[in-house]
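Here are the chains, one letter per residue:
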Amino acid sequence: MAENNPFPGENNTGHFWDDNLRELKNPPPRWWMIAFWASVAWWVLYAILYPMWPALPGQSDGENDFTRGILGWTSIKEYKQGVEQVEAVRAQYDEQIAEMTPAEIIEDPGLLQYTLASSKVLFGDYCAGCHGSGGQGNPGYPVLADDDWLYGGSLGKITETISNGRKGAMTAHADILTEAEIDQLANFVVDLAEDGEGSEAGWALYNEKGCQACHGAEANGVLAELPNGDIVTVGAANLTDSIWRFRPGGYESAKHTIKYGVNQSGVEQTRDAVMPAFSQQGQLEGKLSPQQIKMLTVYVHQLGGGQ
Amino acid sequence: MSENLSGGAQPAGMDEIYAEAEQWHVNTGNETIHAKRISGRWRTIKWLAASVWLIFFLGPYLRWDGRQAVLFDIPNRQYHLFGVTVLPQDFWMLSLLLLFFAILLAVATALAGRVYCGYFCFQTVWTDVFTLIEEKLEGNPAQRRKLASAPLTAEKIRVKAIKHLSWMVIGFVTGFSFVAWFYGAGKLWQDFFVGNANAAVYAAVALFTVGTYVLAGWLREQVCFWLCPYARIQGVMLDRTTVVPTYDEGRGEPRGRMQKGETEATRTTGDCVDCNQCVAVCPTGVDIRNGQQEGCITCGLCIDACNAVMDKLGRPRGLIRYASLDEIEGQSVPPMIARPRVWVYGAILVLALSGIIYGLSSLAAIELKVLHERAPLFVQLSDGSIQNKYTLKVLNKTNEDLMVSVSVEADVPVTVTGAEEPIAAKHGEVNPGIVFVKIDRDHLDAESVPLTFVASATQPDGTEVQATRESAFFGPRP
Ligand code: SF4
Ligand code: SF4
């Protein structure tokens, strides 16, 4: 064919039909071909360097279900290295925190920021279920973002609460007091909450029935104050402030608490008020470490600005 | 059909079409273009324009206030421009800057075609330098072609090796200088050669070295023909009034070589003597006498070449000259100022530029962000008052650490806790702080009360800086 090419020098393939219908060669530019072969070379190189092919059926053992590549790179490995890096950074802070008291942490702005940021996760895992994601509380579970602390809001008291848990107790008075007395006491605590002053008759009944034994002589939940500022309390609510331990609060709610008490076994309608001890148990990975409790203490303390 | 055409007979008119096809030449780089170097006015201007690139090489060594004058510090997210430090938060200015340069390119193209390509584009400039080296080592275009087809001798290897090595060195210096803008020149010199710089630095330098070598050494005008998007869109930017290198057909045609014994008075040809000098000097291998075309980068070298020929012949210069199509065809050319394009482009340029100037001159020294705590939105305290919690973020854009005090302004009396001590704001960083605001129940007559947070600080030189932020205080329904 090519010997008697009727169109010499035309760059055709030598294939003719019907005399002049012919196939031309139209090669792409050389740079294009270079780029093309360079891409092919790249993929070959890639297959050698990086994981690329799935393992043949029957050859995969779960771990090695793909060709490894001589660089040994995998995305999970890279991810783990990243995690290691982050942990190395965190370790510096964690080491410092381990040596310090919660009060010292609060004094150090950098460590405080670190503690607040990293305890947010802990708080979410262990505390938020009851106390709400921002410490806003839930019906039956105290608000942590306010300034009212049943067991004291000092750093020491908070550590104690998280570590050992708390369980309040209040006798059910339905059988002990008359309906009229319950009614009078309920009105008395509503008065206290609203203006901080109760009627003289109310105070008399309060003292006569022994309420002050737990709620204190001033009905503020404080039995005594220690020289270091900590208070002695059994966890009985402060009746003189406008925060109600059991929501919604007010007359009916107070009556219910007086009648059925708190954590009274055998009393069906009693109030529940139990916090587990976190130094012994934690739902996710066993109990909280002292370091975690320390950081949570700082976090909880700062939720409402500290006390 | 087949009977008619058998034996290669062709219908009338085909000859012309084939003749046209002869002319149709697409430069796909199969043949290296060895352009002749000559001196001239545009050549000089080309070097002057190219020398602006020295800033690229020398700029990183400029110092200002004890640090590199222009440093794009990516790891620390700080961009120093002489006295000003720009942080990522101010990056809206970058979009204006990009807009400015994009429009500048459009204006330049509309008015004078691809002047950017011809005089300033790094592809042109680097290729120019690379071919200069080639010429110094291998000789003029004829010698270069001869050497290319000559058998491989020790001498040829030596010359070629020196050439490729010097290309590589230029590529390396290019990459090194580029990285110096981001890494700091002094630090780069210290770290680079002892292996202390990070992988990104080495990768960038390697990429630039290879890229420069391949693009300016091997691909050259092929980049302009086939890779560069700007070269492709220029077609829509040119119009009949755009000034580009143009061959004055009316004057030049019919072209013809000088005949023996012919004088200026007796010649029957036009001004073009068909000496092909304009093609010989063209770095992209274009014959400008075929008219404006995709390969022409508006470098003006053919103008220099033709003017030199015209001078020799005693004919007036400007057979090839910068002219618009309208001008060549003898139509009236409106002055630049009367073209709407100039006004529209100009207005955008002025807008973008004033935006940048406004941005740079009003860079706030500190910025304040206030995030209101949402869970709980508010909290009732034991004395019955309502408390809200706010997370503050103070961005210190100055070069010094500042003590930033925060206060809260509102129409009702507020008590602020957490802001007694000023926030120690590290420079170039976002510094967090937590503030509690308390309002007495009696003063809350709406579910929300507007608050204004004010952050203020005194710089070491005594100037006061301030930032304010609106926020709101939320409480229960009154
Ligand atoms: S035709 Fe002339 S102006 Fe255009 S690229 Fe070639 S030498 Fe430069
Ligand atoms: S350099 Fe001038 S005279 Fe020579 S061929 Fe080109 S246009 Fe014609």
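Every residue gets a number counted from 1 within its own chain, in the order that chain's sequence is written. As they are written, the chains are lettered A onward and the ligands numbered 1 onward, keeping that order. Side-chain atom pairs in this predicted model are given and counted only at pLDDT of 80 or more, local residue features only at pLDDT of at least 70, and totals for whole chains, interfaces and linings cover all residues. Here the side-chain values reflect all heavy atoms present in the structure, with hydrogen atoms and water set aside.

Caption draft 1: Spatial organisation of the pattern of salt bridges. Any Lys or Arg side-chain nitrogen found within 4 Å of a carboxyl oxygen on Asp or Glu counts as a salt bridge. Summed over the entire model, instances satisfying the criterion amount to 28 salt bridges over all chains. The salt bridge involving K259(A) is made with E179(A); its shortest N-O contact spans 3.7 Å. One end of the pair, K259(A), is in helix 10 (residues 251-260); the other, E179(A), is in helix 7 (residues 179-195), with 80 residues separating them in the sequence. Judged by relative accessible area, which is 46%, E179(A) ranks as partly exposed. Of the charged contacts in the structure, one is a salt bridge between E181(A) and K209(A), with a shortest N-O distance of 3.3 Å. A residue pair is termed long-range when its members are at least 10 positions apart, and E181(A) in helix 7 and K209(A) in the loop between helix 8 (200-208) and helix 9 (212-215) qualify at 28 residues. By sharing partners, the salt bridges in this structure join E134(B), E135(B), E138(B), R144(B), K160(B), K163(B) and R220(B) into a single network. Strands here mean DSSP runs of E at least two residues long; helices mean DSSP runs of H or I at least four residues long; both are numbered from the N terminus. Only protein chains enter the calculation, and the probe is 1.4 Å; a residue is then buried if its accessible area is under 20% of its type maximum, exposed if over 50%, and partly exposed in between.

Caption draft 2: Broad picture of the interface of chain A and chain B. Contacts between residues were defined by any pair of non-hydrogen atoms, one from each residue, lying within 4.5 Å. Contact with chain A, which involves 22 residues of that partner, is made by 23 residues of chain B. Taken together, the two surfaces of chain A and chain B that pack against each other cover about 1,700 Å², and 58% of this comes from carbon and sulfur. Defined here as a combined quantity, buried area equals the accessible surface (1.4 Å probe) lost by two parts on assembly, summed across both. The largest share of the area that chain A buries against chain B comes from R30(A), W31(A) and S242(A), three residues that together contribute 28% of it. Along the contact surface separating chain A from chain B lie 0 salt bridges. Any pair of nitrogen or oxygen atoms within 3.5 Å is treated as a polar contact; in protein, a donor-acceptor pairing is required on top of that, and neighbouring residues in sequence qualify only through side-chain atoms on both sides. At the boundary of chain A and chain B, one finds 7 residue pairs in polar contact (both at pLDDT 80 or more). At the level of elements, helix 1 (30-49), helix 4 (109-126) and helix 11 (290-303) of chain A are the ones that each hand at least two residues to the side of chain A that touches chain B. Taken together, the residues of the side of chain A that touches chain B sort by class into 7 nonpolar, 10 polar and 5 charged. In the scheme used here, Gly and all other residues not listed as nonpolar or charged are polar, with Ala, Val, Leu, Ile, Met, Phe, Trp, Tyr, Cys and Pro taken as nonpolar and Asp, Glu, Lys and Arg as charged.

Caption draft 3: Layout of the site of ligand 1. Here a residue is considered near a molecule or strand provided that any single heavy atom belonging to it is located within 4 Å of it. Neighbouring residues of ligand 1: P245(B), C282(B), P283(B), T284(B), V286(B), I288(B), C296(B), I297(B), T298(B), C299(B), G300(B) and C302(B). When its residues are assigned to classes, the shell around ligand 1 shows 9 nonpolar, 3 polar and no charged.

Caption draft 4: Spotlight on the pairing of strand 3 (residues 70-73) of chain B. Residues and elements named next belong to chain B. In the sheet, strand 3 pairs with strand 4 (residues 78-81) via 4 bridges, with the strands oriented antiparallel. Among the inter-strand pairings, V70 is bridged to a residue of strand 4, identified as L81. For two strands to be treated as a pair, DSSP must find no fewer than two bridges joining them. What sits between the antiparallel neighbours strand 3 and strand 4 is a turn of 4 residues, in which R77 has the positive phi angle 50 degrees.

Caption draft 5: Expanded view of the sheet that holds strand 5 (residues 84-86) of chain B. Residue and element names in this part refer to chain B. A sheet is described by the order of its strands in space; here 3 strands give the open sequence 3-4-5, paired in antiparallel fashion. This sheet does not close on itself; its edge strands, each paired only once, are strand 3 and strand 5. Geometrically, the sheet is characterised by an average inter-axis angle of 15 degrees between neighbouring strands, direction not taken into account. Two elements, strand 4 and strand 5, share 3 bridges in a ladder whose sense is antiparallel. Looking at strand 5, one finds that H80 is bridged to T85. Angles run from 0 to 180 degrees between N-to-C directions of axes, and those axes are lines fitted to C-alpha atoms, restricted for helices to the stretch in contact.

Caption draft 6: Inspection of the confidence of the model for chain B at higher detail. Per residue, pLDDT captures the predictor's confidence, and it can take any value from 0 to 100. Of the residues in chain B, 96% have a pLDDT of 70 or more, and the chain-wide mean is 87. For the stretch residues 1-7 of chain B, pLDDT sits under 50, and the model shows 5 contacts to residues farther than four places along the chain or on other chains.

Caption draft 7: Layout of the environment of Q222(B). Within the fold, Q222(B) resides in helix 12 (residues 221-227). Separated by 195 residues in the primary sequence, Q222(B) and N27(B) have C-alpha atoms spaced 7.8 Å apart. Not counting the four nearest positions on each side in its chain, Q222(B) is found in contact with W31(A), N27(B), T28(B), G29(B) and L227(B).

Caption draft 8: Representation of the packing of helix 7 of chain A against helix 10 of chain A in the model. Residue and element names in this part refer to chain A. Remark: helix 7 packs on helix 10, axes separated minimally by 9 Å, with the N-to-C direction vectors making an angle of 125 degrees. Taken together, the axis directions place helix 7 and helix 10 in an arrangement best described as oblique. Of the two possible hands of crossing, helix 7 and helix 10 adopt the one that is right-handed. Packed against helix 7, whose contacting residues are E179, I182, D183, L185, A186, N187, V189 and V190, the element helix 10 presents Y251, A254, K255, I258 and K259 at the interface. Angles are sorted into four bins: roughly parallel if under 35 degrees, roughly antiparallel if over 145, roughly perpendicular if 65 to 115, and oblique for all others. Should the near helix be turned anticlockwise from the far one by less than a right angle, the crossing is left-handed, and should it be turned clockwise, the crossing is right-handed.

Caption draft 9: Fine view of the pairing of strand 8 (residues 366-372) of chain B. Residues and elements named next belong to chain B. Of the two faces of strand 8, only the one carrying I366, L368, V370 and H372 is buried; E367, K369 and L371 on the other face are not. Pairing geometry for strand 8 and strand 10 (residues 386-396), over 7 bridges, is antiparallel. Paired with I366 across the two strands is N396, which belongs to strand 10.

Caption draft 10: Geometry of the packing of aromatic side chains. Residue and element names in this part refer to chain B. Classification of ring pairs uses Phe, Tyr and Trp, with its six-membered ring standing for Trp, and accepts pairs whose centres are within 6.5 Å; under 30 degrees between planes counts as stacked, over 60 as edge-to-face, and the remaining range as tilted. Tallied over the full model, the rule gives 40 aromatic pairs over all chains. An aromatic cluster is built from W53, F56, F57, Y116, F120, F122, W126 and Y230, whose rings are joined through pairwise contacts. In our convention, an over-ring charge means Lys NZ or Arg CZ found within 6 Å of a ring centre and within 35 degrees of that ring's normal. A cation sits over an aromatic face here: R41 above W42, 4.8 Å from the ring centre.

Caption draft 11: Broad picture of the side chain of D73(B). All names here are of chain B. Relative to the assigned elements, D73 resides in strand 3. Counted as positive: Lys and Arg. Counted as negative: Asp and Glu, with His and the chain ends omitted from the count. The side chain of D73 sits in the buried core without any salt bridge; K187 is the nearest counter-charge, 7.1 Å away. In this view, D73 contacts Q78, Y79 and F182; residues no more than four positions away in its chain are not counted.

Caption draft 12: Seen up close, the sheet that holds strand 11 (residues 402-409) of chain B. Residue and element names in this part refer to chain B. Strand order in this open sheet of 4 strands is 13-11-15-16, and the pairing throughout is antiparallel. Each edge of the sheet is formed by a strand with only one pairing partner; in this case those strands are strand 13 (423-425) and strand 16 (464-474). Strand-to-strand twist in this sheet, taken as the mean axis angle between neighbours without regard to direction, amounts to 30 degrees. Where strand 15 (residues 448-458) meets strand 16, 11 bridges bridge the pair, whose relative direction is antiparallel. Across the sheet, the residue bridging to S456 is Q466, located in strand 16.

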